[in-house]
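# Inside the fold
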Amino acid sequence: MTVLVTGGLGYIGSHTVVELLNSGYEVIVIDNLYNSYPEVEGRIKEITGKDLTFIKCDILDKAALDLVTSKREIDCCIHFAGLKAVGESVQKPLLYYENNITGTINLVNSLTENGCKKIIFSSSATVYGEENDIPYIETMKKGTCSSPYGWTKSMIEQILTDANTADPELSVVLLRYFNPIGAHPSGRIGEDPQGIPNNLMPYISQVAVGRRDHLTIFGNDYKTPDGTCRRDYIHVVDLAEGHVKAVEYAAKNKGTSIFNLGTGTPYSVLEIVNAFEKANGIEVKYEFGARRAGDLPEFWANSDKAKKELGWTAKKNLEDMCRDSWNWQKNNPNGYRED
Ligand code: NAD
Ligand code: UD1
């Protein structure tokens, strides 16, 4: 069975490709390398001892996509390709709507015109918005997103749902990720943000490795047990395994299905800093700063549906997440750029 993975050289995509290859799938990756590096392909092959096909391709280029989809038998597509920087999306909304939404429409057209009816999409907990109670559960109505990035996720979910209504032969799986952190235990692939990291764990790792002086914790006056925000952090390898389960599910089920992929256990920013220090025996300097616009005090997943219907649960704990994040960072202090 052949799986097309868009954005497959990126952070979550590369870990998913490893798990797909380890599960015996043939994998074709397309990526425009906007936020990833060609070295990732070789490292995936090194980790798995298996081959994959990589084609440099932009999902905004429908003709290039058609060349990929028309020449190969593709059973299922996992669609990661997209822009994901929340702050940048506020500054450049049209770039985000064009890349994420036009790109997805091109992809779905190209897949369905060439006989592939199974699509798994990378959505986000951000679609629950600020109105919903916690923990978030799939039956809740979606809420108001705090950024154009979030709206692209919410809109793409709707586009795929509508496409499925028009064509009942489609299988659409919408995976809502919570906060992926960690890296492959080999330390060969991991998260490598360009510039100053926006997300917590890459920032902590870069402080630990000496690339940044200290972490600023955005707010310690929230109504949470220690005053800092709480999130549902999930190991990226667990998340990757969730995609393999989703591929199996899509092979057996038509229609549109939504799954939260989280652990169900929230940790505060301070708890993450302390766990990182303890797991790795290394100090992380931090200061408290102002709240960041758009941050919610706390949210986490109810992932019972994924357990029941996908047969998936997160297995790795916070110590694993902290250890593997650091293992990646210390072995690749400048990410992929030193190859
Ligand atoms: P990433 O940036 O590491 O991976 C995305 C990949 O898509 C990159 O390799 C990039 O080069 C590629 N890409 C972007 N635009 C493209 C285009 N037009 N054509 C072809 N390739 C393109 O990000 P990630 O963290 O691995 O996230 C993967 C997906 O999961 C994204 O859609 C993201 O929005 C979603 N997501 C991520 C998180 C998170 O915390 N990392 C949370 C929720 C959802
Ligand atoms: C963010 C996005 C979310 C997106 C997700 C994955 C916002 C408001 N939300 O989630 O839409 O789906 O990333 O890309 O941007 N923190 C610090 N100091 C830092 C960095 C983060 O204190 O330098 C705190 C944040 O305030 C937050 C927690 O750490 O409480 C986690 O932050 P982050 O990793 O950016 O994830 P989210 O904000 O949950």
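All of the points below concern the structure found in this document. Everything numeric in this text was worked out from a predicted model, so none of it was measured.

Its place among the elements puts Asp 232 in the loop between strand 9 (230–231) and strand 10 (233–235). As a buried residue without a salt bridge, Asp 232 has its nearest oppositely charged side chain in Arg 231, at a separation of 10 Å. At a separation of 2.8 Å, a polar atom in the side chain of Asp 232 contacts the side chain of Thr 263. A polar contact is formed between the side chain of Asp 232 and the backbone nitrogen of Ala 301, at a distance of 3.0 Å. Ignoring sequence-local partners within four residues, the contact set of Asp 232 consists of Phe 178, Asn 179, Gly 262, Thr 263, Gly 264, Thr 265, Phe 299, Trp 300 and Ala 301.

Glancing now at the site of ligand 2. Around ligand 2, the surrounding shell holds 20 residues, and the nearest of these are Leu 200, Thr 216, Arg 231, Arg 292 and Asp 295. For ligand 2, an oxygen atom lies 2.9 Å from a polar atom in the side chain of Asn 179. Contact distances for ligand 2 include 2.8 Å between a nitrogen atom and a backbone N or O atom of Thr 216. A total of 740 Å² of accessible area belongs to ligand 2 in isolation, and the protein chains cover 89% of it. The set of elements that each furnish at least two residues to the shell around ligand 2 consists of helix 7 (200–208) and strand 8 (215–218). Per-element accounting of the shell around ligand 2 gives the leading share, four residues, to strand 8.

All chains considered together, the criterion is met by 20 salt bridges. For Asp 66, the salt bridge is made with Lys 62, and the minimal N-O distance between the two is 3.0 Å. Pair noted here: Asp 66 and Lys 62 are both in helix 3 (residues 62–70), with a separation of four residues, about one helical turn. When its relative accessible area of 23% is taken as the criterion, Lys 62 is described as partly exposed. Ionic pairing is found between Lys 62 and Glu 113, a salt bridge with its closest N-O pair at 2.9 Å. Here Lys 62, found in helix 3, pairs with Glu 113, found in helix 5 (residues 93–113); they are 51 residues apart in sequence, far enough to count as distant. Here the salt bridges do not stand alone but share partners, grouping Glu 41, Lys 45 and Asp 51 into one network.

On to the environment of Gln 158. Position of Gln 158 relative to the elements: it lies in helix 6 (residues 148–166). With relative accessibility at 39%, the residue Gln 158 sits in the partly exposed group. Along the sequence, Gln 158 and Tyr 96 sit 62 residues apart, while their C-alpha atoms lie 17 Å from each other.

What follows is about the site of ligand 1. Ile 12, Asp 31, Asn 35, Lys 84 and Asn 99 are the nearest of the 25 residues found near ligand 1. Here an oxygen atom of ligand 1 sits 2.6 Å away from a polar atom, N or O, in the side chain of Asp 31. Here an oxygen atom of ligand 1 sits 2.7 Å away from a polar atom, N or O, in the side chain of Asn 35. Coverage of ligand 1 by the protein chains reaches 95% of its 820 Å² of free accessible surface. Elements with a contribution of two residues or more to the shell around ligand 1: helix 1 (11–22), strand 5 (118–124) and helix 6. With three residues, strand 5 is the largest single contributor of residues to the shell around ligand 1.

Time to look at the environment of Asp 213. Here Asp 213 lies in the loop between helix 7 and strand 8. With a relative accessible area of 52%, Asp 213 lands in the exposed category. Sequence-wise, Asp 213 and Val 284 are 71 residues apart; in three dimensions their C-alpha atoms are separated by 9.1 Å. Aside from chain neighbours lying at most four places away, what touches Asp 213 is Val 207 and Lys 285. For Asp 213, the side chain forms a polar contact with the side chain of His 214, separated by 2.9 Å. A distance of 3.3 Å separates the side chain of Asp 213 from the side chain of Lys 285, its partner in a polar contact.

Rules used throughout
- Residues numbered from 1 in each chain as written.
- Chains lettered and ligands numbered in written order.
- Predicted model: local features only at pLDDT ≥ 70, side-chain atom pairs only at ≥ 80, totals over all residues.
- Heavy atoms only, no water.
- Helix = DSSP H or I, 4+ residues; strand = E, 2+ residues; numbered from the N terminus.
- Buried < 20%, exposed > 50% of the residue type's maximum accessible area, 1.4 Å probe, protein only.
- Lys, Arg positive; Asp, Glu negative; His and termini not counted.
- Salt bridge = Lys/Arg side-chain N within 4 Å of Asp/Glu carboxyl O.
- Polar contact = N/O pair within 3.5 Å; in protein donor to acceptor, adjacent residues only side chain to side chain.
- Contact = heavy atoms within 4.5 Å.
- Near = heavy atom within 4 Å.
- Areas by Shrake-Rupley, 256 points an atom, 1.4 Å probe, with all protein chains shown as cover.

No statement about biological role is implied by the geometric values presented.
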